[in-house]
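Tertiary structure, described
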Amino acid sequence: MRTDSTLQRDHKGTVVFDLDGVVYVGSAGVPGAAEAMESLERDGWYLVFATNNSTRDVAAVANHIADRTGFRSHDAAIVTSAMAAATWTTRGHRSAFVVGERALCEALVEVGVKVVTTGTPDAVVVGLDRDINYETLAKASTMIRNGSTFVATNTDATFPTMEGPVPGAGSIVAAIATASGVEPIACGKPFDPMIDLITQRIRGEVAWVVGDRPETDIAMATRVGWRSILVHTGITASGSTVPDRFMPDHRCASITDVPGLMAEVP
């Protein structure tokens, strides 16, 4: 665990890491991830971890990183799409029906939003739900048609695993959007609610974003004016074409190449 003195020292800048597909893939850490992150810290960089995965709370994310890589992050440097969605939902919404898992419910309760299962709540908040069923989809879409605000933790259609991409929160969000006829307010990367939470954690004058998904990680960096690195250990394979509007500043095979690349860039 990082000490208070470590957190308060001056930093040359901040590196914002995506997690799934960058630091780990499924249950396995990306080889060399811990060494790369430790190298950056020694060089004076402050590390922030920003994930669109809404199924883990901050402590679980820190443990997930440590268990898979051996690197221990402090909780204050972790931002999740559940946190972003919960923070946005507090704007005029006091109750919510949740399509998602325990961490998303807990994030809402923590900021004072009551989680309900019936009626027409102020909001319907949708994230990844690995136990999703037809009844839940029908209830959520009906609530939205009846006036509940439709909030999505993120719109990532898939997320990477060792066996390849599997359906993500965006696939569930798309089903509810189709059934309700309403498009959601998206809160994770690359949208403003997530950017706001990350910005609060930026230290130093320079910020980099390291991610595997052009339309979220790189798009967020481009919107804010942060530097960006696309790695090829997750969704985006080496040599794949990236649309011009999502073009990163740099591309690396994996996180292990990031410290050397950053050391060479003025």
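Residues numbered from 1 in each chain as written. Predicted model: local features only at pLDDT ≥ 70, side-chain atom pairs only at ≥ 80, totals over all residues. Heavy atoms only, no water.

Considerations on empty space enclosed by the protein
Scanning the model with the defined rule gives 2 cavities of 30 Å³ or more in all. Taken as a whole, the largest cavity holds about 190 Å³ of empty space. Surrounding the largest cavity, 19 residues form its lining, Asp-20, Asn-52, Asn-53, Asp-156 and Phe-159 being those nearest its centre. Of the residues that constitute the lining of the largest cavity, the class distribution is 4 nonpolar, 8 polar and 7 charged. (1 Å grid on protein atoms, 1.4 Å probe; cavity = no way out; pocket = protein on both sides within 12 Å on 5 of 7 lines; lining within 4 Å. Points joined across faces, edges and corners; volume = space filled by probe spheres on them. Nonpolar A, V, L, I, M, F, W, Y, C, P; charged D, E, K, R; others polar.)

As for the nonpolar core
The biggest cluster of nonpolar side chains holds 31 residues, and the ones touching the most others in it are Val-15, Phe-17, Val-23, Met-37, Leu-47, Phe-49 and Ile-229. Going through the elements one at a time, β1 (13–17), β2 (24–25), α2 (33–42), β4 (45–51), α3 (58–69), β13 (206–211), β14 (227–231) and α10 (258–264) are the ones with two or more residues in this core. Per-element accounting of this core gives the leading share, 5 residues, to α2. Not counting the four nearest positions on each side in its chain, Val-15 is found in contact with Leu-40, Trp-45, Tyr-46, Leu-47, Val-48, Trp-208, Val-210 and Met-262. Residues Ala-50, Val-125, Cys-187 and Trp-226 belong to the second largest nonpolar core, which totals 30 residues. (Core = buried A, V, L, I, M, F, W, Y, C linked by side-chain atoms within 4.5 Å. Buried < 20%, exposed > 50% of the residue type's maximum accessible area, 1.4 Å probe, protein only. Helix = DSSP H or I, 4+ residues; strand = E, 2+ residues; numbered from the N terminus. Contact = heavy atoms within 4.5 Å.)

Some remarks on the packing of aromatic side chains
Applying the stated criterion across every chain yields a total of 2 aromatic pairs. Taking 6.0 Å as the distance between ring centres and 20 degrees as the angle between the ring planes, the aromatic pair formed by Phe-17 and Phe-49 counts as stacked. Residue Phe-17 is found in strand β1, and its partner Phe-49 is found in strand β4; the two are separated by 32 residues along the sequence. Summarising the burial analysis for this pair, Phe-17 and Phe-49 share the class buried. When the ring centre of Tyr-46 is taken as origin, the NZ or CZ atom of Arg-203, which lies over that ring, is 4.5 Å away. (Phe/Tyr/Trp six-rings, centres within 6.5 Å; stacked < 30°, edge-to-face > 60°. Lys NZ or Arg CZ within 6 Å of the ring centre and 35° of its normal.)

Some thoughts on the packing of helix α4 (residues 81–89) against helix α5 (residues 102–110)
Taken N-terminus to C-terminus, the directions of α4 and α5 make an angle of 35 degrees; their axes are 9 Å apart at the nearest point. Crossing geometry of α4 relative to α5 is assigned as right-handed. Of α5, the residues touching α4 (which contributes Ala-82, Met-83, Ala-86 and Thr-89) are Ala-103, Leu-104, Ala-107 and Leu-108. Among the residues forming the contact of α4 with α5, the class breakdown is 7 nonpolar, 1 polar and no charged. (Axes fitted to C-alpha atoms, helices over the stretch in contact; angles between N-to-C directions. Left-handed = near helix turned anticlockwise from the far one by under 90°.)

Some thoughts on α4
Counting buried positions along α4 gives 7 out of 9 residues, so the element sits mostly inside the fold. Taken as a whole, α4 has its buried residues at Ser-81, Ala-82, Ala-84, Ala-85, Ala-86, Trp-88 and Thr-89.

Let's talk about the sheet that holds strand β12 (residues 185–186)
Taken in spatial order, the 5 strands make up an open sheet running β7-β6-β8-β9-β12, and their pairing is parallel. The open sheet is flanked by β7 (114–115) and β12, the only strands paired with a single partner. Strands in contact with helix α6 (residues 134–145) are β6 (95–99), β8 (123–126) and β9 (149–152); relative to β6, the strand with the most contacts, it is inclined by about 145 degrees. (Pairing = 2+ DSSP bridges.)

A few points about the confidence of the model for the protein chain
The predicted model of the protein chain has a mean per-residue pLDDT of 94, with 97% of residues at 70 or higher. Low confidence marks residues 1–8, where pLDDT is under 50. Its contacts with residues over four positions away, or in another chain, come to 13 contacts. (pLDDT = per-residue confidence, 0-100.)

Some details on the sheet that holds strand β15 (residues 250–252)
If you walk across this open sheet you meet the 6 strands as β5-β4-β1-β13-β14-β15, and the pairing is parallel. Looking at which strands have only one partner, the edges of the open sheet turn out to be β5 (78–80) and β15. Here the strands of the sheet are splayed against their neighbours by 20 degrees on average, with no regard to which way each runs. Two strands pair when backbone bridges link them, and β4 and β5 are joined in this way by 3 bridges, in the parallel orientation. Bridging from a neighbouring strand, Thr-51 pairs with Thr-80 of β5. Packed onto the sheet, helix α8 (residues 192–199) meets β1, β4 and β5 and runs at close to 170 degrees relative to β5.

Remarks on the state of the cysteines
Inspection of the entire model under this criterion finds 0 disulfides. There is no disulfide at Cys-105, and the cysteine sulfur nearest it, in Cys-187, is 15 Å away. (Disulfide = S-S within 2.5 Å.)

Describing the packing of α8 against helix α9 (residues 214–224)
Taken N-terminus to C-terminus, the directions of α8 and α9 make an angle of 70 degrees; their axes are 11 Å apart at the nearest point. By the angle between their directions, the pair α8 and α9 is classed as roughly perpendicular. For the pair formed by α8 and α9, the contact residues are Asp-192, Ile-195 and Ile-198 on the first element and Met-220, Arg-223 and Val-224 on the second. Of the residues assigned to the contact of α8 with α9, the class counts are 4 nonpolar, no polar and 2 charged. (Parallel < 35°, antiparallel > 145°, perpendicular 65-115°, else oblique.)

Some remarks on the pairing of β13
In terms of burial, β13 is a largely internal element, 5 of the 6 residues being buried. Where β13 meets β14, 4 bridges bridge the pair, whose relative direction is parallel. What sits directly across from Trp-208, in β14, is Arg-227. In this view, the connection linking β13 to its parallel neighbour β14 by way of α9 has right-handed handedness. (Right-handed = clockwise from strand over helix to strand, strands pointing away.)

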